[in-house]
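# Summary of the model geometry
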Amino acid sequence: MTNLLQRIARAAAAVVDLGAKPRHRFHRRVSLYPRRVQRAENRNHFVPRRGLAIRRAYHLGRASIRNTNEVIRPERCIAPARQAKLEWMGANLAVPGAMVRDLIESRGVRDALLWFTREKQWINEMHLQLCRIPAPTFLEGERAQWMAAQFRSLGCDAQIDRAGNVVATVQPRPESAAVVATAHLDTVLAPRSKEEVFFDGEGKLRGPGAADNGAGLTALIALAAVLKSVPPLTDCSRELVLAANVGEEGEGNLSGMRHLCKQSPLARRSPAFLVLDGAGTDHITTGALGSRRFEIAFSGPGGHSWSDFGIANPVHALARAITLFADSTRAALKGNGPRSTASVSTVEGGSSVNAIATSARAKVDIRSEDNRRLEEIVQLLTTAVERAQETENQRASGARVFAKLKELGSRPAAKLPENAAILNYVRAVDAHLGIRSRMECASTDANIPLSLDMPAVSIGAGGQGGGAHTPDEWFNPDGRDLGLKRVFLTLALLLRED
Ligand SMILES: [Zn+2]
């Protein structure tokens, strides 16, 4: 309680201070660091300028929201309503901002920030090793075992749960609320040999899964390692859990995260989730893009293209279903509603040019920021398939076709409230580290906790990456330490939450 009161007093003092002398804030903040850290940090800092603050301010309230910085002050050219919003945002960030300054006064945190810069080479080596273990969706076992072994060697208590997720704790406090840092184990493509994943001459890691999600998994290992190396964090009232989860990509349908949020004991411990996915420090995913995925399958007896002509044809029926669906969604996807998309992604069927096919299939991907809109598009798909079957069978003189619509995946849409503490923490940390980030809506593991009203954001794990889901995927570890500091400070703030 004393600590809490002290923190509130410090925060209040900082707010007053902020109002009185805003221009000195950055100097004061930097001076909290030992000189060695200052030099390392300054390279990554952007220097706040007046114009920049205004430009950022104008992005508030839009779909793509630029991160606000603590130093934003009302400017004369800003409209009153906008100005009120800015002041609110400023006030909202002031307390987390003071909490960040309070945090870095503790020795454990200061040492940890240094550690991320000092241990770059070791972190890169772990990254290379883990990416060399293939882990395509549904086959994450070997990589999960490797992660569990790493966590244990770093002093964590690590288990593999029934879904296949690796769940590790640094300092177990099973009775307290949980802060869960997660990264998905699975990749869309997997290396066929170890040599397919390598550091090139420029220091970039190349190979499938290098960034998505080698970067996130490496961050989990770095977190376990740093917490073993530095004095224990003080004032923690929550338990940190590190989870390397299965089933994020494609037809994995977020199965690992569903287990963590619904069946695992973590679900009952008011968990907050920091999802680490891919590289970068430029985004905060607060919107969960929903999706529904289906396979359409038409089947019939098939026959000779000449002698059996006239029987119902699965390929013709499928082609009609696709056309009807594409036409009916065109109207629904236009206009001002929540952004939504519908795509027929794969088509296959038939066996020979001179045969009437026995089957034809297509896969469909439907996405929306809104669950109701998703449902409407699914209805259009169902209608298109039913009509296509009817029409094909009405025209047929012989055997009929049968249609089947199978759901392959469903990811709920959701949104983190703008005033959520977890978001304010990430933004306060970004302001402190000089990171410019934007809020984003995407399909990530955070969809599940967000749809269950559990606080969650998804962010990158630092460095830069590209070519996700291709054999040419790459990760550049330059600046990774900044991303890791961002992750670490955000978690430390969440751990302090009472
Ligand atoms: Zn990913």
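Next up on the list: the overall build of the protein chain. For the protein chain, the count of helices and strands is 15 helices and 19 strands. Summarising the internal contacts of the protein chain: among those between residues at least 6 apart in sequence, 78% fall at separations of at least 24.

The subject of this paragraph is the packing of helix α7 (residues 120-131) against helix α9 (residues 214-229). To characterise two packed helices, one gives the angle between the axes of the helices and the distance between these axes. Where α7 meets α9, the closest approach of the two axes is 9 Å, and the angle between their N-to-C directions is 125°. Taken together, the axes of α7 and α9 lie oblique to each other. Considering the relative orientation of α7 and α9, their crossing is right-handed. From α7, I123, M126, H127, L130 and C131 reach across to α9, where they touch G214, L217, T218, I221 and A222.

Counted residue by residue, strand β8 (residues 283-288) has five buried out of six residues, so it is predominantly covered. As judged from the five bridges shared by β8 and strand β16 (residues 438-442), these two strands associate in the parallel manner. Considered in β16, the bridge of H283 is made with R438. Judged from the two bridges that link them, β8 and strand β15 (residues 414-415) form a sheet pairing that is antiparallel. Paired with G287 across the bridge in β15 is K415.

It is worth spelling out helix α8 (residues 141-153) at this point. Compared with an ideal rise of 1.5 Å per residue, which puts 13 residues at 18 Å, α8 spans 18 Å between its outermost C-alpha atoms and is within 8% of the ideal. Residues of α8 that are buried sit in contact with α7, β1 (157-160), β2 (166-169), α9 and β6 (239-245). Where α8 ends, the next residue or the one after it, G155, has phi of about 90°, a positive value.

What follows is about the environment of A319. Mapping A319 onto the fold places it in helix α11 (residues 314-333). Put simply, A319 and V347 are 28 residues apart on the chain and 9.3 Å apart in space, counted from C-alpha to C-alpha.

What follows deals with the sheet that holds strand β11 (residues 340-349). Spatial strand order, β11-β13-β9-β14: four strands in an open sheet with antiparallel pairing. The open sheet terminates on both sides in strands that have one partner only, identified here as β11 and β14 (402-411). Strand-to-strand twist across the sheet, computed as the mean angle between neighbouring axes with direction ignored, equals 15°. Against the sheet, α11 makes contact with β9 (290-299), β11, β13 (359-368) and β14, and its axis sits at roughly 170° relative to β11, the strand it touches most.

Turning our eyes to something else, we now look at unusual backbone geometry. Note: most peptide bonds trans; most residues except glycine with negative phi. Of the consecutive residues D212 and N213, the connecting peptide bond is found in the cis state with omega at 15°. Phi is positive for L254, close to 60°, though the residue is something other than glycine. Residue placement: L254 occurs in the loop between β6 and α10 (255-263). At S270, a residue that is not glycine, the phi angle is positive and equals roughly 35°. Turning to its location among the elements, S270 is positioned in the loop between α10 and β7 (272-276). Take S270: there are 14 C-beta atoms within 10 Å of it, and that puts it in the partly exposed class.

Between its first and last C-alpha atoms α9 spans 22 Å; for 16 residues at 1.5 Å apiece the expected length is 22 Å, and the two agree. The buried fraction of α9 amounts to 14 of the 16 residues, a majority that puts the element mostly inside the structure.

Another point: the sheet that holds strand β19 (residues 474-476). Strand pairing in a sheet relies on backbone hydrogen bonds, with the paired strands running either antiparallel or parallel. Strand order across the open sheet formed by four strands is β4-β5-β19-β18, with antiparallel pairing between neighbours. Of all strands in the sheet, those bounded by a partner on one side alone are β4 (198-199) and β18 (464-466). Note: strand β5 (residues 205-206) against β19, two bridges, orientation antiparallel. Within β19, the position partnered with L205 by the bridge is F475.

What follows concerns the nonpolar core. Soluble, globular proteins show a tendency: their nonpolar side chains are buried together. Grouped together as the largest cluster of nonpolar side chains are 121 residues, with contacts concentrated most on L220, A224 and V457. A total of 11 residues in this core trace back to one element, the largest contributor, which is α9. Two domains share this core, each providing at least three of its residues, namely domain 1 (107-289 + 423-496) and domain 2 (290-411). Apart from residues no more than four positions distant in its own chain, A224 is found in contact with F151, L154, C156, A168, V170 and L242.

A word on the pairing of β2. Of the pairings in the sheet, the one linking β1 to β2 comprises four bridges and is antiparallel in character. Paired with I160 across the strands is V166, a residue of β2. Hairpin connection of β1 to β2: five residues between the antiparallel strands, including G164 at a positive phi of 105°. The pairing of β2 with β6 spans four bridges and is classified as antiparallel. From the neighbouring strand, T169 faces β6, where its bridge partner is V241.

This part is about the packing of helix α6 (residues 107-118) against helix α15 (residues 480-496). One can describe the packing of α6 onto α15 by two numbers: an axis separation of 8 Å at closest approach and a directional angle of 155°. By the angle between their axes, α6 is roughly antiparallel relative to α15. Seen from above, α6 lies across α15 with right-handed handedness. Facing V109, A112, L113, F116 and T117 of α6, the residues of α15 in contact are D481, L484, K485, F488 and A492.

All right, on to the environment of E119 then. Relative to the elements of secondary structure, E119 occurs in the loop between α6 and α7. Once the C-alpha coordinates of E119 and A222 are considered, the two residues, 103 residues apart in sequence, prove to be 9.0 Å apart.

Right, let's talk about the environment of A181 for a bit. Mapped onto the elements of the fold, A181 is located in strand β3 (residues 178-184). Overall, the presence of 26 C-beta atoms within 10 Å leaves A181 in the buried class. Taking the C-alpha atoms as reference, A181 lies 6.3 Å from V241; in sequence the two are 60 residues apart.

Conventions used here
- Residues numbered from 1 in each chain as written.
- Predicted model: local features only at pLDDT ≥ 70, side-chain atom pairs only at ≥ 80, totals over all residues.
- Helix = DSSP H or I, 4+ residues; strand = E, 2+ residues; numbered from the N terminus.
- Contact = placed C-beta atoms within 7 Å.
- Axes fitted to C-alpha atoms, helices over the stretch in contact; angles between N-to-C directions.
- Parallel < 35°, antiparallel > 145°, perpendicular 65-115°, else oblique.
- Left-handed = near helix turned anticlockwise from the far one by under 90°.
- Buried ≥ 20, exposed ≤ 12 C-beta atoms within 10 Å, placed from the backbone.
- Pairing = 2+ DSSP bridges.
- Expected span 1.5 Å × (residues − 1).
- Core = buried A, V, L, I, M, F, W, Y, C linked by C-beta atoms within 7 Å.
- Domains from an automatic or database assignment.

These figures come from the coordinates and say nothing about function on their own.
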